[in-house]
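# A structural walkthrough
Each chain, letter by letter, is given below.
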Amino acid sequence: MKITFSEGSGLNDSVYGKCQAPIRMFLEQRGEQFEQQSVLKDLFLMGKSENYGDLMTTMTAMSGFEPVGENGAYPLDGMQEGYQKLLVYDTWKDSFSISAEMMEDSKVLDMKKQPAAFMTSYNRTRELFGAALYGGAISGQKKILYKGREFDITSADGVTMFHTQHPAKVSGEAQSNKFNDAFSVDALGKMETAMHLFRGDNDEILDVAPDTILIPEVAGLKNKVFAAIGADKEPTTANNAFNYQYGRWTVIVWSYLNQFVDLSEGNAPWILLDSKYNQTYGGAVWNDRVQLAVRSTVDENTDANVWRGRSRFNATFNDWRFAAVGGITGGDELFKAAEDCGSIISPDKTFITDKTSVCAFSGHRLLGQDFDRALLERMAEGIMKRGY
């Protein structure tokens, strides 16, 4: 962690002069330790800025190459600007002091405690702020109130980060990344499939491929997650069927998230994220305008050595497609379509039965609309005609 230090005039000539270098060392070491443990870099696109605020935007995909025949003219393709989101940077401050008496009495242990606590406070503030953003998004809020200030947490399309009706900018149906299904190995597979089929603002299939599971510190949920992905054999049966979820996921258990989500009555929200998509397209964005700057001065009234820290940063959500949430009241149901299709779907919601037994069924409102029974019948008939 980079920290900028400055000292007031005459400080080195005072009783505090010999403690300045040790305190700097305590601050830097504590900052580096916390930074290594932080999960913010795994959940946000971390960046820097030199502006008062930054306007984030995207571009829609191009239509693609077309066959034109011999000596054909070049078709004119184009891109359109997607939704925009403005991120303005807030100033964050804190301070601590070391009394003249502490220096005179050589209370070295107390001198170490305060700088360590100061850096822990700074890094914990950042971690809690990130957790507050995700917690507010899980709770369906458009804004959060954190330490007395409001922060916008909508996605760039203007609706909440997790929503059942994300509008397309140019063309295409509304899409959902909010589901009410509790975590299970089946729900994990369904939500992953849903994210694979997320479309862009021009209705193009994207390269979303979730690789991370984010959960709060809940023992029962943690047990289910690791039971689903921690064995190379199928976790729900005693047979030796291969568990394709094994070894494919990074799991983040974030205890800071607990205080910002409703965990009463057995609620256990879970999030799938595509870390690569997030880093490429900026789904959740965190920018530092001014790195932590620490200034040391002597208070003329108390003779205490005052250390002040100042930083400017902010974070928000931009492109919602990097993540989806499950276990949320009011979300879409991953298994709803399968239940509604009646006899055409087998009891385990896996295969179409009265037409064929080989057509796998994903069973979800992938693009915000229920699967049509007639469509499923046509799919089954098509498979039978091909002789499968």
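Presented here is an overview of the structure given in this document. (Residues numbered from 1 in each chain as written. Predicted model: local features only at pLDDT ≥ 70, side-chain atom pairs only at ≥ 80, totals over all residues. Heavy atoms only, no water.)

### Describing the overall build of the protein chain
- Secondary structure summary: the protein chain contains nine helices and 13 strands in total.
- Counting only residues that meet the buried cut, the protein chain has 45% of its 388 residues in that class.
- Considering only intrachain contacts with a sequence separation of at least 6, the fraction spanning at least 24 residues in the protein chain is 73%.
- When the accessible area of the protein chain is evaluated, it comes to approximately 19700 Å², of which 49% is carbon and sulfur surface. (Helix = DSSP H or I, 4+ residues; strand = E, 2+ residues; numbered from the N terminus. Buried < 20%, exposed > 50% of the residue type's maximum accessible area, 1.4 Å probe, protein only. Contact = heavy atoms within 4.5 Å. Areas by Shrake-Rupley, 256 points an atom, 1.4 Å probe, with all protein chains shown as cover.)

### Some points on the side chain of Glu204
- By the element assignment, Glu204 lies in the loop between α5 (185-196) and β8 (212-216).
- Lacking a salt bridge, the buried Glu204 has Arg321 as its closest oppositely charged neighbour, with an N-O distance of 6.9 Å.
- If we skip the residues at most four places from it in the chain, Glu204 touches Ala61, Phe198 and Arg199. (Lys, Arg positive; Asp, Glu negative; His and termini not counted. Salt bridge = Lys/Arg side-chain N within 4 Å of Asp/Glu carboxyl O.)

### Details of α5
- With twelve residues, α5 should reach 16 Å at 1.5 Å per residue; the first-to-last C-alpha distance of 17 Å fits that figure.
- The buried fraction of α5 amounts to nine of the twelve residues, a majority that puts the element mostly inside the structure.
- Residues of α5 that are buried make contact with β8, α6 (219-229), β10 (270-273) and β13 (323-326). (Expected span 1.5 Å × (residues − 1).)

### Regarding the environment of Gly82
- Mapped onto the secondary structure, Gly82 falls in strand β4 (residues 81-88).
- The residues contacting Gly82, other than those within four sequence positions of it, are Thr57, Thr58, Met59, Lys169 and Asp201.

### Describing the packing of aromatic side chains
- What the rule picks out here adds up to 17 aromatic pairs.
- Centroid distance Phe183 to Trp270: 4.9 Å. Interplanar angle 85 degrees. Geometry classified as edge-to-face. You can see Phe183 sitting in the loop between β7 (149-152) and α5 and its partner Trp270 sitting in strand β10, a full 87 residues away along the chain. Across the pair, Trp270 and Phe183 agree in class, each one buried.
- With centroids separated by 5.3 Å and ring planes inclined at 15 degrees, the aromatic side chains of Trp286 and Phe313 adopt a geometry described as stacked. Separated by 27 residues along the polypeptide, Trp286 in strand β11 (residues 284-298) and Phe313 in strand β12 (residues 305-317) bring together distant segments of the chain. In this pair, the class of Trp286 matches that of Phe313, namely buried.
- Through a chain of ring-to-ring contacts, three or more aromatic side chains come together here, namely Phe44, Trp92, Phe129, Tyr134, Tyr146, Phe151, Trp254, Trp286, Phe313 and Phe317. (Phe/Tyr/Trp six-rings, centres within 6.5 Å; stacked < 30°, edge-to-face > 60°.)

### Notes on the pattern of salt bridges
- Enumeration according to the criterion identifies ten salt bridges in this entry.
- The salt bridge involving Asp319 is made with Arg321; its shortest N-O contact spans 3.0 Å. Taken individually, Asp319 and Arg321 each receive the classification buried, so the pair is uniform in this respect.
- Here the salt bridges do not stand alone but share partners, grouping Asp201, Asp319 and Arg321 into one network.

### Observations regarding a negative patch on the surface
- On the surface, a cluster of negative charge is contributed by Glu101, Glu104, Asp105, Glu300 and Asp303.
- Checked against the element boundaries, Asp105 lands in the loop between α3 (100-104) and α4 (108-138). (Patch = residues over 30% accessible without salt bridge, like charges linked within 9 Å, V, L, I, M, F, W, Y side chains within 5 Å. Charge placed at Lys NZ, Arg CZ, Asp CG, Glu CD.)

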